[in-house]
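# Report on the structure
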Amino acid sequence: MSTTKNIFVLGGVASSLGKGIISASLAKLLQARGFSVTIQKLDPYINIDPGTLNPYEHGECYVTEDGAETDLDLGHYERFTNEPTSQANNITTGRVYQNVINKERRGDYLGKTVQVIPHITDEIKRSIKELGKTGKYDFVITEIGGTVGDIESLPYVEAVRQMRFENYQNVAVILLTYVPYLKAAGELKTKPTQHSVKTLQESGVQPDIIVCRTEYELSQNIRNKIALFCNVPPSSVIESIDLDTIYEVPLKMQEEKLDVEVLRKTRMPINAQPQMNVWKDFLYNIKHPTSTVSIALVGKYTELPDAYKSINESFIHAGAYHSVQVKIKLVQAENISVGEDLADVSGILVAPGFGERGIEGKIKAIEYARTQRIPFLGICLGMQMAVVEFARNVLKHEDAHSSEMNPNTHYPVIDLMENQKSVTNMGGTMRLGAYACQLEKDSKAYQAYGAVHISERHRHRYEFNNSFRREFETAGMKFTGINPDNDLVEIIEIPEHPWFVGVQFHPEYKSTVVSPAPLFLHFVKAAMEYDQKNT
Ligand code: GLN
């Protein structure tokens, strides 16, 4: 195999310009040309990983197959490329320093003074090269969080400079900037872009390609101007105009020839066009739905849609499959009024979460879904609360709860398993990453997956308390998915309900454009059927 090419994606002018989507789109285009690609995110914050971050800070915490708690951009990477990522795909400054400090304590630096340059930068370079070393990839795309000029980004930019210097032909640098439109002047302005290129140049890095986020088309004049002032050929000035959906970005980048520029810069063969037919069909379905269906997402981070990113995207994938537009109604669990908030929806999803806030509202929403026979999907905490609701309202254990919320409950229907009871620290003993699950043939879950043996990703600490199994089954709640290694409940269903499924795992993490999550496909289908019957 040839040498792995390293592509860096940095951001200038402002944050939130969509480096993750540009990286994922480039990966998609290269992949559609037959290259193998992986994407990595380097985050300049000091947390070791985003596992302990409040979703209000950086949105959802995304979980990989190998159980890494990562930045939500990794979700975009997987949804676009359909390739799993891993721990090695997300590095933070915290982890970099931790590794360096561990080495220092072990004496690996042989008495030398340990410094940002070269020790921190070497550790960053090592993390970048690690993916390339596997020999599996033609391209490693490395997205660097933050904005050029930030103090905390400097060691990363220095690592890019060094890698470029050491291996010029195999490295390309993309800078994503913003070209604002000044209404009063009636003009697009290139100066912020010029300045962020200058800032990057001050650190010794000349971008090869400049991708410009803009609300208006860039004229050839503007492109030429950016090219001239920023020291790149005009063909390397790429327009990234605002689009209706992120799933349009790869096709737009193809039109703009971002992939061709990258191939040229890294001296790779430029063969036929990328094969994007499946993608185009998917996009067509998103843009031309034949009907709509309304689904409530009951959670506590409703002010910030990024907190439920993967769930939202899973609905888009499932909707495209059924040619239906899924309208998500974000319902704040804390002050829910079920009669009002849920009266007009055809499906109810109760979201994952930690802690007590909004718990009773979630239970009310579940009771409503169960008694009104509205299709229901409970994910992780949503499944756990479905168990609590059933225990309280069907089994009449009024005090039933999860011991996460009430450690003194007489009916801890959701509880810590033996090996977790000594837990004191956050994160340490969570069940994280992919675990096997065996499905009951006669179940909604089996209908969805069409297989007995499945595997899904987890992120939780509490479990269904097996000592209550028989009581629940007798009253009509079935355990249709079990982890075969530890006999843990993975899926609950109420067979006499049209579609009532709760899952301890997170099906949303594995939903991609080409492979939508089966449970979302079937949940949306059930909601469509409910909608037809009730209107
Ligand atoms: N807080 C619950 C637990 O730890 C559920 C977690 C989740 O919804 N991801 O088990």
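You'll find the structure just up there.
Position numbers for residues start from 1 in each chain and track the written sequence from start to end. In view of the model being predicted, local features appear only for residues whose pLDDT reaches at least 70, and side-chain atom pairs are presented and counted only at 80 or more, with totals across whole chains, interfaces and linings using the full set of residues. The basis for every side-chain value is the complete set of heavy atoms in the structure, and neither hydrogens nor water enter the calculation.

### Quick word on the overall build of the protein chain
Numbering of helices and strands runs from the N terminus; a helix is a DSSP stretch of H or I covering at least four residues, while a strand is a stretch of E covering at least two. A tally of helices and strands in the protein chain yields 18 helices and 23 strands. Dimensions of the protein chain along its principal axes, counting C-alpha atoms only, are 75 × 60 × 45 Å. Throughout this description, buried means an accessible area under 20% of the type-specific maximum (1.4 Å probe, protein chains only), exposed means over 50%, and partly exposed covers the range between. Expressed as a percentage of the 535 residues in the protein chain, the buried residues total 59%. Contacts are residue-level and defined by heavy atoms, with any inter-residue pair within 4.5 Å sufficient. Taking the intrachain contacts of the protein chain between residues at least 6 apart in sequence as the baseline, contacts between residues at least 24 apart amount to 73%. Two residue types count as positive, namely Lys and Arg, and two as negative, namely Asp and Glu; His and chain ends fall outside the count. Lys charges are placed at NZ, Arg charges at CZ, Asp charges at CG and Glu charges at CD. Computing the positive centroid from 56 side-chain charges and the negative centroid from 66, the protein chain places the two 5 Å apart.

### Re a nonpolar patch on the surface
In this analysis, a patch consists of residues with relative accessible area above 30% that form no salt bridge, clustered at 9 Å for like charges and at 5 Å for the nonpolar side chains Val, Leu, Ile, Met, Phe, Trp and Tyr. Only the protein chains shown count as cover for residues, with accessible areas throughout obtained via the Shrake-Rupley method and a probe of 1.4 Å. One side-chain nitrogen of Lys or Arg within 4 Å of one carboxyl oxygen of Asp or Glu is enough to make a salt bridge. Together, Y97, I101, V116 and I117 make up a nonpolar patch on the protein surface, roughly 340 Å² of accessible area in all. Those elements that provide at least two residues to the nonpolar patch are α4 (93-106) and α5 (116-133). By relative accessible area, which is 37% here, V116 ends up partly exposed.

### Here we look at the sheet that holds strand β11 (residues 237-241)
Note on pairing: DSSP must find at least two bridges between two strands before they are called paired. Spatial ordering of the open sheet is given by β5-β2-β6-β1-β7-β10-β11, a layout of seven strands whose pairing is parallel. Each end of this open sheet is capped by a strand with a single partner; those strands are β5 (90-92) and β11. Neighbouring strand axes in the sheet, compared pairwise and without regard to direction, differ in orientation by 20 degrees on average. Two strands pair when backbone bridges link them, and strand β7 (residues 171-178) and strand β10 (residues 209-214) are joined in this way by five bridges, in the parallel orientation. Along β10, the bridge assignment pairs L175 with I210. Fitting a line to C-alpha atoms yields each axis, with helices limited to the stretch in contact; the angle taken between N-to-C directions then spans 0 to 180 degrees.

### Here's the deal with the site of the ligand
The environment of the ligand is formed by P352, G353, F354, C380, L381, Q384, E404, R459, H460, R461, Y462 and H506. Compared with its free state, where it exposes 300 Å², the ligand has 99% of that area covered by protein. Contributing elements (two or more residues each) for the shell around the ligand: α15 (381-393) and β19 (453-460). Of the residues assigned to the shell around the ligand, the class counts are five nonpolar, four polar and three charged. Near residues are defined by distance, with any heavy atom within 4 Å of the molecule or strand qualifying the residue. Each residue receives one of three labels: charged for Asp, Glu, Lys and Arg, nonpolar for Ala, Val, Leu, Ile, Met, Phe, Trp, Tyr, Cys and Pro, and polar for the others, Gly being one of them.

### Some words on the sheet that holds strand β17 (residues 412-415)
Strands sit in the order β16-β17-β20 across an open sheet of three strands; the sheet is mixed. Two strands in the sheet have a free side with no partner beyond their single neighbour: β16 (401-402) and β20 (463-464). With respect to the sheet, α15 is in contact with β16, β17 and β20, its orientation differing from that of β17 by roughly 170 degrees.

### Quick notes on the packing of aromatic side chains
Classification of ring pairs rests on two measures: the distance between centres of Phe, Tyr or Trp rings, Trp counted by its six-membered ring, which must be within 6.5 Å, and the angle between planes, read as stacked under 30 degrees, edge-to-face over 60 and tilted in between. According to the stated counting rule, one finds 18 aromatic pairs in the structure shown. Taking the centre distance of 6.2 Å and the plane angle of 45 degrees together, the rings of Y301 and Y308 count as tilted. Comparing Y301 with Y308 shows no difference in burial state: the two are buried. An aromatic cluster of three or more residues is present, and its members are F80, Y247, W279 and F282. The rule is short: NZ of Lys or CZ of Arg within 6 Å of the ring centre and within 35 degrees of the ring normal puts a charge over the ring. Looking at K265, its charged tip hangs above the ring of Y168, at a distance of 4.1 Å from the centre. Over the aromatic face of Y435 sits the side chain of R431, whose NZ or CZ is 4.8 Å from the ring centroid.

### As for the environment of Q275
Looking at the secondary structure, you find Q275 in the loop between α10 (258-265) and α11 (277-287). Residue Q275 is classed as exposed on the basis of its relative accessible area, which comes to 57%. The sequence separation of Q275 and Y462 amounts to 187 residues, and the corresponding C-alpha distance is 44 Å.

### Notes on the packing of α11 against helix α12 (residues 309-322)
Here α11 crosses α12 at 90 degrees, and the two axes come no closer than 8 Å. If you check the angle between α11 and α12, you find them roughly perpendicular. Of the residues in α12, those in contact with F282, N285 and I286 of α11 are I316, H317 and A320. By residue class, the composition of the contact of α11 with α12 is four nonpolar, two polar and no charged. We call two directions roughly parallel when the angle between them is under 35 degrees, roughly antiparallel when it is over 145, roughly perpendicular when it lies between 65 and 115, and oblique otherwise.

### Things to note about helix α8 (residues 220-230)
What α8 keeps buried is the set I222, R223, I226, A227 and C230. Buried residues of α8, viewed axially, fall in a sector of 135 degrees; they line one side. Facing away from the buried side of α8 by over 90 degrees, the exposed positions are N221 and L228. Packed against the buried residues of α8 are β9 (187-188), α7 (191-202), β10 and β11. As used here, the arc belongs to the directions running from the helix axis to the C-beta atoms.

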